[in-house]
Amino acid sequence: GAIARERMRGPLGPGALIRIQAAGRPDAPALADGDRRLSYGQLDLRVGRLARSLREGLGIAPKTAVAIVLKNRLETIEAQAALGRIGASAVSASYRSTDAEIEYLLRHSGARAVVTEPDLYDVVARAAERAGLGRDGIVVASEGEPVPSGSVSYDSLVERGGLVQRQQHESG
């Protein structure tokens, strides 16, 4: 529990391990998700950009909790590693969780943001609203597709590395 979380925030957390692999083997395969493939160099760059965006754009600071409600996908690893680099805590929830379960998790963890995906957005948004977390605290990993109005695009966080753009359109 607490000891493992503290070690994951420390110098040998996932973000540091990715950085070490990227320095020695930047072109080696790191992650595969369907047709998407990332080398350690690409993964390290994306994790660094995401960490900077979460810190500078969303105000995620060390020891801040951020919920992750994603299926098994590469953004899960990236988000956990980026939070580790910041010194923030990743609070994972099953993608099968109900809105009541996610609300409980958000309230009791003190999460300042939540990372999710389009298929889970409605459940997460209901939970976030009841927990007092606005839509601007919901980051949606959508693989380039539009994200719901008022939420934050995961892709834009990675691409801009510090500049956060709230989506002004509804997804189809």
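Residues numbered from 1 in each chain as written. Predicted model: local features only at pLDDT ≥ 70, side-chain atom pairs only at ≥ 80, totals over all residues. Heavy atoms only, no water.

(A) Expanded view of the pattern of salt bridges. With the rule as written, the count across this model stands at 13 salt bridges. For the salt bridge of Glu 75 with Arg 73, the shortest nitrogen-to-oxygen distance reads 2.7 Å. Summarising the burial analysis for this pair, Glu 75 and Arg 73 share the class buried. Between Glu 103 and Arg 107 there is a salt bridge, with the nearest N and O atoms lying 3.0 Å from each other. Separated by four residues within a single helix, Glu 103 and Arg 107 lie in helix H5 (residues 99–109), roughly one turn from each other. For Glu 103, a relative accessible area of 15% translates into the label buried. The exposure class of Arg 107 is partly exposed, given its relative accessible area of 48%. Connected through shared salt-bridge partners, Asp 33, Arg 36, Arg 73, Glu 75, Glu 117 and Glu 143 make up one network. (Salt bridge = Lys/Arg side-chain N within 4 Å of Asp/Glu carboxyl O. Buried < 20%, exposed > 50% of the residue type's maximum accessible area, 1.4 Å probe, protein only. Helix = DSSP H or I, 4+ residues; strand = E, 2+ residues; numbered from the N terminus.)

(B) Just unusual backbone geometry, in detail. A positive phi is found at Lys 63, a non-glycine position, where the angle reads about 70°. Within the element layout of this structure, Lys 63 appears in the loop between helix H3 (40–58) and strand E3 (65–68). Backbone geometry at Glu 143 places phi at a positive 50°, although glycine is not the residue there. Position of Glu 143 among the secondary structure elements: in the loop between strand E6 (138–140) and strand E7 (152–153). Judged by its relative accessible area of 47%, Glu 143 is partly exposed.

(C) The environment of Gly 161, seen in detail. As for its position among the elements, Gly 161 is in the segment after helix H7 (154–160). Setting aside chain neighbours within four positions, we find Gly 161 in contact with Arg 49, Arg 52, Ser 53 and Ser 156. (Contact = heavy atoms within 4.5 Å.)

(D) The arrangement of the pairing of strand E5 (residues 113–116) in detail. Where burial is concerned, the two faces of E5 agree: the one with Ala 113 and Val 115 and the one with Val 114 and Thr 116 are both buried. The pairing of E3 with E5 spans three bridges and is classified as parallel. Along E5, the bridge assignment pairs Ala 67 with Val 114. Pairing analysis gives three bridges linking E5 to E6, with the strands arranged parallel. (Pairing = 2+ DSSP bridges.)

(E) Quick look at H3. Along its 19 residues, H3 runs 25 Å from first to last C-alpha, staying within 8% of the 27 Å computed at 1.5 Å per residue. If you check which residues of H3 are buried, you get Tyr 40, Leu 43, Asp 44, Val 47, Leu 50, Ala 51, Ser 53, Leu 54 and Leu 58. One or two positions beyond H3, positive phi appears at Gly 59, with a value near 75°. (Expected span 1.5 Å × (residues − 1).)

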